[in-house]
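One letter stands for each residue in the lines below.
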Amino acid sequence: MSQTAPRNRPQTPATEPSADTPKTFGRGVDPGARGRTTIADGVVEKIAGMAARDVVGVHAMGGGLARTFGVVRDRVPGGGKSVARGVKAEVGEVQTALDLEIVVDYGVSIADVARAVRENVITAVERMTGLEVVEVNIAVSDVKLPDEEEESPEPRLQ
């Protein structure tokens, strides 16, 4: 009488799969490849805005008019702070391009701040979204002088 392997026993490969081999499930398709992920422009703008604000030497985001409207919006109940103020993103399927408008503190090297903002934004956006950042354009719209007061409109109600 000859011995045979049970019929329902799974076949094991001759070699074990390496850590680099993608895992397959079900019909042999990686679950991560089932479907499509889209990322809105606003999501990338918020990520970039937060990353830019983290850089020492960046006083504010946006130009004068945008900052003025932002201060008013911040005071309105439910208005909240706009993290994406001063950031514009164009998002494609696998790439994104960003335009940032910043205000720097007086005395800092604008070139160094711009370089640091660019690096921080690229790192954050690529890490969080998986998109390739093809360019980050930075416009420095103002310099915050030490003796300047913050732009804050007079409250209408007393």
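About the criteria used
Within each chain, residue numbers correspond to sequence positions counted from 1 in written order. Local features in this predicted model are restricted to residues of pLDDT 70 or higher, and side-chain atom pairs are both shown and tallied only at a pLDDT of 80 or more, whereas totals for entire chains, interfaces and linings draw on every residue. The basis for the side-chain values is all heavy atoms of the structure; hydrogens and waters are excluded. The numbering of helices and of strands both runs from the N terminus, where a helix is a DSSP run of H or I of at least 4 residues and a strand a run of E of at least 2. In this scheme, a residue with accessible area under 20% of its type's maximum is buried, one over 50% is exposed, and one in between is partly exposed, where area comes from a 1.4 Å probe on protein chains only. For this analysis, residues touch if any pair of their heavy atoms sits within 4.5 Å. Computed by Shrake-Rupley with a 1.4 Å probe, the accessible areas treat only the displayed protein chains as cover when residues are assessed. Scored from 0 to 100, pLDDT reflects the predictor's confidence in each residue. Grid points spaced at 1 Å over the protein atoms alone were grouped into cavities, where a 1.4 Å probe fits but cannot get out, and pockets, open sets with protein on both sides within 12 Å along at least five of seven lines, with lining residues defined by an atom within 4 Å of a point. Grid points are joined across faces, edges and corners, and a volume is the space filled by probe spheres set on the points. As a working rule, the residues Ala, Val, Leu, Ile, Met, Phe, Trp, Tyr, Cys and Pro are called nonpolar, Asp, Glu, Lys and Arg charged, and the rest polar, with Gly in that last group. Patches were defined on residues exceeding 30% relative accessible area and lacking a salt bridge, with like-charge contacts within 9 Å and nonpolar side-chain contacts (Val, Leu, Ile, Met, Phe, Trp, Tyr) within 5 Å. Counted as salt bridges are all cases of a side-chain nitrogen of Lys or Arg within 4 Å of a carboxyl oxygen of Asp or Glu. Residues scored as charged are limited to Lys and Arg (positive) and Asp and Glu (negative), so that His and the chain ends carry no count. Here the site of a charge means atom NZ of a Lys, CZ of an Arg, CG of an Asp or CD of a Glu. Orientation is described by axes fitted as lines to C-alpha atoms, over the contacting stretch for helices, and by angles from 0 to 180 degrees between their N-to-C directions. Throughout this description, any angle smaller than 35 degrees is read as roughly parallel, any larger than 145 degrees as roughly antiparallel, any in the 65 to 115 degree range as roughly perpendicular, and the remainder as oblique. Left-handed describes a crossing in which the near helix is turned anticlockwise from the far one by less than a right angle; the clockwise case is right-handed. By this rule, a helix spans an expected 1.5 Å times one less than how many residues it contains.

1. A look at the overall build of the protein
Phase 1: When you go through the protein residue by residue, the secondary structure sums to 3 helices and 4 strands.
Phase 2: The helix and strand sequence of the protein, counted from the amino end, reads α-β-α-β-β-α-β.
Phase 3: Relative to its 158 residues, the protein shows a buried fraction of 25%.
Phase 4: Restricting the contact set of the protein to residue pairs at least 6 apart, pairs at least 24 apart contribute 72%.
Phase 5: Accessible surface for the protein amounts to roughly 11,700 Å². Of this, 52% is attributable to carbon and sulfur atoms.

2. As for the confidence of the model for the protein
Fine structural detail should not be taken from predicted coordinates in areas where pLDDT scores are low.
Phase 1: Put simply, the protein has an average pLDDT of 80, and 65% of its residues get 70 or more.
Phase 2: Here residues 152-158 is a poorly scored stretch, pLDDT under 50, and it has 6 contacts once near neighbours within four places are set aside; other chains count.

3. With respect to the side chain of Thr96
Phase 1: Along the polypeptide, Thr96 turns up in strand S3 (residues 95-105).
Phase 2: What makes Thr96 buried here is its relative accessible area of 1%.
Phase 3: When sequence neighbours within four positions are dropped, the list of residues in contact with Thr96 reads Val44, Ala89, Glu90, Val91, Val125, Leu131, Glu132, Val133, Val134 and Glu135.

4. Digging into the layout of surface pockets
Phase 1: Considered as a void within the structure, the second largest pocket measures approximately 230 Å³ in volume.
Phase 2: As for the second largest pocket, its lining consists of Arg36, Thr37, Thr38, Ile39, Val91, Gly92, Glu93, Val94, Thr129 and Leu131.
Phase 3: Residues belonging to the lining of the second largest pocket are distributed by class as follows: 4 nonpolar, 4 polar and 2 charged.

5. Overview of a negative patch on the surface
Phase 1: Together, Asp41, Glu90, Asp99 and Glu135 make up a negatively charged patch on the protein surface.
Phase 2: Tracing the backbone through its elements, the reader meets Glu135 in strand S4 (residues 132-144).
Phase 3: Exposure remark for Glu135: the relative accessible area of 40% places this residue in the partly exposed category.

6. A few points about the packing of helix H1 (residues 41-53) against helix H3 (residues 110-129)
Phase 1: Two numbers describe how H1 lies on H3: the axes approach to 8 Å, and their chain directions differ by 140°. If you check the angle between H1 and H3, you find them oblique. Here H1 and H3 pass one another in a crossing that is right-handed. Listed contacts from H3 to Val44, Ile47, Ala48, Ala51 and Ala52 of H1 are Val117, Asn120, Val121, Ala124, Val125, Met128 and Thr129.

7. Some thoughts on H3
For an α-helix, the turn length of 3.6 residues means that residues three or four places apart are oriented alike.
Phase 1: Given a rise of 1.5 Å per residue, 20 residues ought to cover 28 Å, and the 28 Å separating the end C-alpha atoms of H3 matches this to within 8%.
Phase 2: Tucked into the core, H3 has its buried residues touching H1, strand S1 (58-61), S3 and S4.
Phase 3: Two residues or fewer after H3 comes Gly130, characterised by a positive phi angle close to 80°.

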